[in-house]
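Chain by chain, the residues:
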Amino acid sequence: MPDWLIFPPCYGMMKKVLIKAEKEETMKKQVKNILIGVVAAAVFVGLGIFLYRDQKAHETAKEAQKQQKEIVKKEEVEVADGESYDYEKAGFIELADYEKIPVEITVGEEVLYEEMISHVKKDYLSTPVESGDVVLVDYSGSQDQVVLPDLAQSDAYVKVGQGEYVDGFEDGMLGMKKGETREINVTFPEDYQVDPSLAGENVVFSITCKKYFNKQCLSHVAKGNYATIPDYEGYLKEKLEKENRESKGESAFETLKEDSKLKTLPESLYQMGVEDNDQSYSAMADLYGTSKEEVLESLGMDTNAIADMAQDWTFEIMLAKTIAIRENLTLTDEFYKNFLMEELEYQEGDAEATVENMEKEYQDGSGSRPKDDALVEMVKEYVGEHSEEI
């Protein structure tokens, strides 16, 4: 799913779900037992509570954590919720160039094939590998029973019959089934230029077929809308590139965070993030009849993650406020209302969907500074609109 943190959490929405379950006399023990399942599902549907969304952003946060010892908390700087402020001028951050941030829109074959393979289920694979199938394999090439490191790869995607590999490699996979390992003898061409030391050499490849996308998968996944695998690939490529374009603000802002530098933390803003995180996880633990530590553990985190998330959130707000003041960006009433409605899952026309009511609900269950959170989203849109698609 992608920045690595969603701050503040959608605790308010999950609270509604749990209260409804309790009203329907769902046993408290059952509620506790479904903790891991509910939270895990939240990861995939975007309801997560400060969840890690992608490895790249996770590494960014880890790097920030390493630098935390060098960060000296400054004297307090009071900046109202939703107001812009130049934190770089004040010495808190070093802001990287936010104009024309490159954002990758084009979907390459590996991403495309990975998405296709992700839809494969065991019962789709009753027929063996045929030409045109996309196959996920582990392979290693060896000579005299010695593996050649440059000819070994895990989780490689091969479209059988496309001719991207040395002659004999793809044909040797025909007829394989999931879980099967096969050895294939291949002779590299005499004029092989990629690695001249292999020119004319015989190599034995050990190939393990892990999964494959075939015509059976196509009929299940495409539901008859696409007659051939290439047709489906074309549709999927267009779909994924559209999604990349729609989320380019998120991508551009992540790059901005990586390229910018956090120098110091405004103490009260950072502490507010810590308290919001702690209170949200504690409240969720109370609802489930468990401990905060168990909730965090179920998400693969520990109590140190609360400080990490607060730091990341504070950094995002400082970046957003700084860009806002430099570009004369103002949080409009319309944008703010739409932000609250989306975060709290209200529909237009809902009687309770007044800004006053939603703001209070957000502050009670999601975070103390809803306008700052909305401002971050507005700035993400700005950097996305001014990014450079590649």
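Residues numbered from 1 in each chain as written. Predicted model: local features only at pLDDT ≥ 70, side-chain atom pairs only at ≥ 80, totals over all residues. Heavy atoms only, no water.

Some details on the pattern of salt bridges
Turning to step 1, where the next piece is worked out: Scanning the entire structure with this criterion turns up 19 salt bridges.
Turning to step 2, where the next piece is worked out: Note that Asp155 and Lys210 form a salt bridge whose closest N and O atoms lie 2.6 Å from each other. Of this pair, Asp155 sits in strand S4 (residues 146–159) while Lys210 is found in strand S6 (residues 202–213), placing the two residues 55 residues apart along the sequence.
Turning to step 3, where the next piece is worked out: A relative accessible area of 37% means that Asp155 is categorised as partly exposed.
Turning to step 4, where the next piece is worked out: One salt-bridge network, held together by shared partners, links Glu254, Lys257, Asp312 and Glu316. (Salt bridge = Lys/Arg side-chain N within 4 Å of Asp/Glu carboxyl O. Helix = DSSP H or I, 4+ residues; strand = E, 2+ residues; numbered from the N terminus. Buried < 20%, exposed > 50% of the residue type's maximum accessible area, 1.4 Å probe, protein only.)

Brief notes about the packing of aromatic side chains
Turning to step 1, where the next piece is worked out: Summed over all chains, the structure comprises 15 aromatic pairs.
Turning to step 2, where the next piece is worked out: Judged by centre distance (5.4 Å) and plane angle (85°), the rings of Tyr87 and Phe92 are edge-to-face. Across the pair, Phe92 and Tyr87 agree in class, each one buried.
Turning to step 3, where the next piece is worked out: Three or more aromatic residues joined by ring pairs form one cluster here, namely Tyr139, Tyr165, Phe169, Phe188, Tyr192 and Phe205. (Phe/Tyr/Trp six-rings, centres within 6.5 Å; stacked < 30°, edge-to-face > 60°.)

Concerning the nonpolar core
Turning to step 1, where the next piece is worked out: One finds Ile93, Tyr98, Leu256, Met318, Ile323 and Val383 to be the most contacted residues of the largest nonpolar core, which totals 45 residues.
Turning to step 2, where the next piece is worked out: Looking at this core, the elements that each hand over two or more residues are helix H8 (248–259), helix H9 (267–288), helix H11 (304–326), helix H12 (333–344), helix H13 (355–365) and helix H14 (370–385).
Turning to step 3, where the next piece is worked out: If you tally residues by element for this core, the top one is H11, at nine residues.
Turning to step 4, where the next piece is worked out: Each residue touching Leu256, except ones within four places of it in the same chain, is listed here: Leu95, Ala96, Asp97, Tyr98, Ile101 and Ile323.
Turning to step 5, where the next piece is worked out: Met116, Val120, Tyr124 and Leu125 belong to the second-largest nonpolar core, a separate cluster that totals 40 residues. (Core = buried A, V, L, I, M, F, W, Y, C linked by side-chain atoms within 4.5 Å. Contact = heavy atoms within 4.5 Å.)

Topic: the environment of Gly168
Turning to step 1, where the next piece is worked out: Inspection of the secondary structure assignment puts Gly168 in the loop between S4 and strand S5 (181–187).
Turning to step 2, where the next piece is worked out: A C-alpha to C-alpha distance of 5.9 Å links Gly168 and Val186, two positions 18 residues apart in sequence.
Turning to step 3, where the next piece is worked out: The residues touching Gly168, leaving out its near neighbours within four places in the chain, are Ile184 and Val186.

Quick look at H12
Turning to step 1, where the next piece is worked out: Helix length check: H12 (twelve residues) gives 16 Å between terminal C-alpha atoms against 16 Å at 1.5 Å per residue, within 8%.
Turning to step 2, where the next piece is worked out: Among the residues of H12, those classed as buried are Phe335, Tyr336, Phe339, Leu340, Met341 and Leu344.
Turning to step 3, where the next piece is worked out: Looking one or two places after H12, you find Glu345, whose phi comes out positive at around 60°. (Expected span 1.5 Å × (residues − 1).)

Digging into the packing of H8 against H14
Turning to step 1, where the next piece is worked out: Close contact between H8 and H14 brings their axes to 7 Å; oriented N to C, the two are set at 95°. As summarised for this structure, H8 and H14 are arranged roughly perpendicular, according to the angle between their axes. Residue-level contacts link Lys248, Gly249, Glu250, Ala252 and Phe253 of H8 to Val376, Glu377, Val379, Lys380, Val383 and Gly384 of H14. (Axes fitted to C-alpha atoms, helices over the stretch in contact; angles between N-to-C directions. Parallel < 35°, antiparallel > 145°, perpendicular 65-115°, else oblique.)

Observations concerning the confidence of the model for the protein chain
A low pLDDT score tells you not to read the predicted coordinates there in detail.
Turning to step 1, where the next piece is worked out: Averaged over all residues, the pLDDT of the protein chain is 82; the fraction at 70 or higher stands at 81%.
Turning to step 2, where the next piece is worked out: Ignoring residues within four places in sequence, the model shows residues 1–61, a span with pLDDT below 50, making 117 contacts including any to other chains. (pLDDT = per-residue confidence, 0-100.)

A look at the pairing of S6
Turning to step 1, where the next piece is worked out: Looking at chain direction, strand S3 (residues 134–143) and S6 are connected through nine bridges and run antiparallel. Across the sheet, the residue bridging to Val137 is Cys209, located in S6.
Turning to step 2, where the next piece is worked out: As paired strands, S5 and S6 are joined by seven bridges and run antiparallel to one another. Bridging across to S6, Arg182 finds its partner in Ile207. (Pairing = 2+ DSSP bridges.)

Points about H11
Working note: α-helix, 3.6 residues per turn, so residues spaced by three or four point in the same direction.
Turning to step 1, where the next piece is worked out: Its 23 residues give H11 an end-to-end C-alpha distance of 34 Å, which sits within 8% of 33 Å, the value for a rise of 1.5 Å per residue.
Turning to step 2, where the next piece is worked out: In the segment just after H11, Asn328 is the residue with positive phi, at about 55°.

Digging into unusual backbone geometry
Glycine aside, a negative phi is what most residues show, and trans is what most peptide bonds show.
Turning to step 1, where the next piece is worked out: The backbone phi angle of Asp155 is positive, close to 55°, even though this residue is not glycine.
Turning to step 2, where the next piece is worked out: Positive phi outside glycine occurs at Glu345, with the angle close to 60°.
Turning to step 3, where the next piece is worked out: Since its relative accessible area comes to 52%, Glu345 is described here as exposed.

Structural notes on the packing of H8 against H11
Turning to step 1, where the next piece is worked out: One way to put it is that H8 packs onto H11 with a least axis distance of 11 Å and a crossing angle of 105°. One way to sum up the angle between H8 and H11 is to call them roughly perpendicular. Between H8 and H11, the residues in contact are Phe253, Leu256 and Lys257 and Asp312, Phe315, Glu316, Leu319 and Ile323, respectively.
Turning to step 2, where the next piece is worked out: Classifying every residue of the contact of H8 with H11 by side-chain character gives five nonpolar, no polar and three charged. (Nonpolar A, V, L, I, M, F, W, Y, C, P; charged D, E, K, R; others polar.)

Description of the sheet that holds S4
Turning to step 1, where the next piece is worked out: Spatially, S4-S3-S6-S5 is the arrangement adopted by the four strands of the open sheet, whose pairing is antiparallel. Pairing within the sheet leaves two strands with one partner each, and these edge strands are S4 and S5. Put simply, the sheet's adjacent strands are angled 25° from each other on average, direction ignored.
Turning to step 2, where the next piece is worked out: Pairing of S3 with S4 involves nine bridges; the strand directions are antiparallel. Within the sheet, the bridge partner assigned to Gln143 lies in S4 and is Val146.
Turning to step 3, where the next piece is worked out: Against the sheet, helix H5 (residues 109–117) touches S3, S4 and S6, its axis set at about 65° to S4.

Considering the environment of Val77
Turning to step 1, where the next piece is worked out: Tracing the backbone shows Val77 in the loop between helix H4 (55–67) and strand S1 (93–94).
Turning to step 2, where the next piece is worked out: For Val77, the contacting residues outside a window of four places in its chain are Tyr85 and Phe92.

Considerations on the side chain of Ser260
Turning to step 1, where the next piece is worked out: Counting through the fold element by element, Ser260 comes out in the loop between H8 and strand S7 (261–262).
Turning to step 2, where the next piece is worked out: On the accessibility criterion, Ser260 (8% relative accessible area) is buried.
Turning to step 3, where the next piece is worked out: Here Ser260 is in contact with Glu94, Leu95, Ala96, Phe315 and Leu319, once residues within four sequence places are set aside.

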